[in-house]
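Chain and residue survey
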Amino acid sequence: MNELIGFVNGNNIRQKVLSLLSSKGEMDGKRIAKTLRVVYLTIAKTLEELEEKELIDKKEEMYSLTETGVKVEKMIQQI
C-alpha cells in the first residue's frame, strides 16, 4: 500500500485525478481533463498509469476508483 501511496504522491496530476474521482464519482477522460484544466494527452497517460496500478477502473469511456483506489485516496488525505 505504501508503494501505491508513493506512486500517487510522486505526481501532482495523479493526486488530482484520484481526488476528483473520489469527490465526483465516475467521469470520462475528457471531462477529467477539462475539470482539472490539463491537456487531454497528459490525462490520458495518467489514467493509463492509474489503471495499470489498479487504482482506477474503466468501463466503456467512464473512469472510477477501485476499492484500492478509494483506500489509497483516503490515506493520502490523512497525510
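Residues numbered from 1 in each chain as written. Predicted model: local features only at pLDDT ≥ 70, side-chain atom pairs only at ≥ 80, totals over all residues. Heavy atoms only, no water.

So, about the nonpolar core. Ranked by internal contacts, the top residues of the largest apolar core, which has 23 residues, are V17, I32 and I43. For this core, the elements supplying multiple residues, two or more each, are helix 1 (2-9), helix 2 (12-24), helix 3 (29-36), helix 4 (40-52), strand 3 (62-65) and helix 5 (67-78). Top contributing element to this core by residue count: helix 2, with five residues. Excluding residues within four positions of it along the chain, I43 makes contact with I13, V17, G29, I32, A33, L36 and V38. (Core = buried A, V, L, I, M, F, W, Y, C linked by side-chain atoms within 4.5 Å. Buried < 20%, exposed > 50% of the residue type's maximum accessible area, 1.4 Å probe, protein only. Helix = DSSP H or I, 4+ residues; strand = E, 2+ residues; numbered from the N terminus. Contact = heavy atoms within 4.5 Å.)

Below, the discussion takes up the pattern of salt bridges. Enumeration over the complete set of coordinates arrives at four salt bridges. Note that K45 and E49 form a salt bridge whose closest N and O atoms lie 2.7 Å from each other. Within this pair, K45 and its partner E49 are both found in helix 4, separated by four residues, close to a single helical turn. Put simply, R14, K45 and E49 are held in one network by salt bridges that share partners. (Salt bridge = Lys/Arg side-chain N within 4 Å of Asp/Glu carboxyl O.)

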